[in-house]
Amino acid sequence: MIWLLLALLAAFFTSMTTILAKIGIKDVNSNFATFFRTIIVILCSVILCFITGAFQDFYKLTFTNWIFLILSGISTGLSWICYYQALKLGNINKVAPIDKSSFILTTILFIIFFFDTTTNNGDILTIVFLIISMVLMLIGTLLMVGKTSDNEIKSKRWLIFAILSSVFASFVSLFVKLGLNGISSNLGTLIRTIIVFIFSGFIVLIRKDYVGVKNVNKKSWLFLILSGLSTGGAWLCEYASLNIDGVNPVAVSSIGKLSILLTMLFSFIFLKEKFNKKSIVGLSLLTLGIILIIVFSL
């Protein structure tokens, strides 16, 4: 059951990342914030690698490990680029549902590459409930997407970028799962985060998103560091869970969606935000879908 605890912790840390960002780093450029958070994740990974002796696994790294860990980092970077470009060209209420639906393709990919583990050795009942869970999660996610005013869309290209963002995001967990084969998840997280660091750093330099960093106040830096620690905790826990033998990767990926539930709860408690009936119904369906997957993964 350790995998379940790790996956739940990953969801908790993911939700804390969102809340911390919402409270304290509103005035920090999003690309620079992402770049800075990867530095924190790298530091966390290095410390854990020293504590756990994970660096001893460095000699175990195969060509396959390197390829898939690098691909996971590149996929993360490409997903970010496409998502922000889609938001630039289209309305968020049209882009967000497509981006959030990436877990469906992720599930399909896991079924293809890890069929026995994902479907309990091809059990029909498990497959049926897996499909039901996916449908519930999709409907719930779509209901939770808030509406914005209908602004004129600059170009139909937003749809292409939104789809590409979803596709790249769906490949991340699969590449991580394949890249961690035979090595410590802490070492794998370190290598993968270094790739994301290089990728995001390149974006910051090209776009000059570092301009204005000197004007960031101490409070914002504090929350930026805390959000980075939360990001590191989320990645380390999720990948540790994915790396446990026999664990259903779809369950781990789906439990990560619980971060939406926790985020809404924390925002209600700390930020006093209110939610409409549509959001509550969507959240209920999403939660029900996740519970079904957890039950049939135990």
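Summarised in this report is the structure supplied together with it. Here the residue index of a chain counts from 1 through its sequence in written order. Local features in this predicted model are restricted to residues whose pLDDT is 70 or higher, and side-chain atom pairs enter the listing and the counts only when it is 80 or higher, whereas totals over whole chains, interfaces and linings include all residues. Side-chain numbers come from the whole structure's heavy atoms, not from hydrogens or water.

A short note on the overall build of the protein chain
In this description a helix means any DSSP run of H or I spanning at least four residues, a strand means any run of E spanning at least two, and both kinds are numbered starting from the N terminus. When helices and strands are counted, the protein chain shows 13 helices and 0 strands. Put simply, the protein chain runs from its N terminus to its C terminus through helices and strands in the order α-α-α-α-α-α-α-α-α-α-α-α-α. For each residue, the accessible area found with a 1.4 Å probe, counting protein chains only, is set against the maximum for its type, and the residue is called buried under 20%, exposed over 50%, and partly exposed in between. Among the 298 residues that make up the protein chain, the fraction classed as buried is 50%. When contacts within the protein chain are restricted to residue pairs at least 6 apart in sequence, long-range pairs at least 24 apart make up 90% of them. For accessible areas, the Shrake-Rupley method is used with a probe of radius 1.4 Å. Any residue's cover is judged against the shown protein chains and nothing else. A total of about 15,000 Å² of accessible surface is found on the protein chain, and carbon and sulfur atoms cover 69% of it. Whether two residues are in contact is decided by their heavy atoms, any of which lying within 4.5 Å being enough.

Concerning the nonpolar core
Most often, soluble globular proteins have nonpolar side chains that are buried together. The biggest cluster of nonpolar side chains holds 45 residues, and the ones touching the most others in it are W3, I255 and I290. With 5 residues, helix 13 (residues 277–295) is the single largest residue contributor to this core. Other than its neighbours up to four places away in sequence, I255 contacts W3, L4, A7, L8, A11, I290 and I294. Buried residues of nine kinds, namely Ala, Val, Leu, Ile, Met, Phe, Trp, Tyr and Cys, make up a nonpolar core once their side-chain atoms join them within 4.5 Å. Core analysis: the second largest hydrophobic core is formed by 12 residues, F32, I40, V204 and V216 among them.

Focus: the packing of helix 9 (residues 185–207) against helix 10 (residues 218–242)
It is at 9 Å that the axes of helix 9 and helix 10 come closest, and there the two elements cross at 130°. With respect to each other, helix 9 and helix 10 are oriented oblique. Helix 9 and helix 10 meet at a crossing whose hand is right-handed. Contact with helix 9, carried on its side by S185, N186, T189, R192, T193 and V196, involves W235, L236, Y239 and A240 of helix 10 and no other residues of that element. Under this scheme, a helix contributes an axis fitted over its contacting stretch, all axes are lines through C-alpha atoms, and angles between N-to-C directions fall in the 0 to 180 degree range. Here the word oblique covers every angle except those under 35 degrees (roughly parallel), over 145 (roughly antiparallel) and from 65 to 115 (roughly perpendicular). Definitions for this section: a left-handed crossing has its near helix turned counterclockwise from the far helix by less than a right angle. A right-handed crossing has that turn clockwise.

A closer look at the packing of aromatic side chains
Working definition: rings of Phe, Tyr and Trp (its six-membered ring) pair if their centres are within 6.5 Å, and the pair is stacked with planes under 30 degrees apart, edge-to-face with planes over 60 apart, and tilted otherwise. Counted under the stated rule, the structure contains 11 aromatic pairs. Both rings, one in F32 and one in W221, keep their centres 6.2 Å apart while their planes meet at 80°; by these two values the pair is edge-to-face. Of this pair, F32 sits in helix 2 (residues 30–52) while W221 is found in helix 10, placing the two residues 189 residues apart along the sequence. Residue classification places F32 among the buried positions, given a relative accessible area of 10%. Overall, W221 belongs to the partly exposed group, its relative accessible area being 25%. With a centroid separation of 5.5 Å and 25° between ring planes, the pair formed by F171 and F175 is classed as stacked. With F171 and F175 both in helix 8 (residues 157–179) and 4 residues apart, this pair spans about one turn of that helix.

Comments concerning the packing of helix 2 against helix 10
Axis separation between helix 2 and helix 10 bottoms out at 8 Å; the angle between their running directions is 55°. For the element pair helix 2 / helix 10, the angle class is oblique. Helix-helix and strand crossings are classified by hand; for helix 2 and helix 10 the assignment is right-handed. Between helix 2 and helix 10, the contacting residues are F32, A33, F36, R37, I40, V41, C44, S45 and L48 on the first element and W221, L224, I225, S227, G228, L229, T231, G232, W235 and L236 on the second. Under the scheme applied here, ten amino acids are nonpolar (Ala, Val, Leu, Ile, Met, Phe, Trp, Tyr, Cys and Pro), four are charged (Asp, Glu, Lys and Arg), and all others, including Gly, are polar. Residues that form the contact of helix 2 with helix 10 fall into these classes: 13 nonpolar, 5 polar and 1 charged.

Quick look at empty space enclosed by the protein
Space left empty within the atom packing is revealed by a probe, the size of a water molecule, rolled over the atoms. Of the two site types, the cavity is a set of points on a 1 Å grid over the protein atoms alone where a 1.4 Å probe fits but cannot get out, and the pocket is an open set with protein on both sides within 12 Å along at least five of seven lines, each lined by residues with an atom within 4 Å of a point. Grid points are joined across faces, edges and corners, and a volume is the space filled by probe spheres set on the points. Across all of its chains, the model carries 1 cavity of 30 Å³ or more by this definition. Estimated volume of the largest cavity: approximately 60 Å³. What lines the largest cavity is a set of 10 residues, and nearest its centre among them are T126, L130, L292, I293 and F296. Listing elements by their share of the lining of the largest cavity, those giving two or more residues are helix 7 (124–144) and helix 13. Considering every element that reaches the lining of the largest cavity, the biggest residue donor is helix 7, with 4 residues. Of the residues assigned to the lining of the largest cavity, the class counts are 5 nonpolar, 5 polar and no charged.

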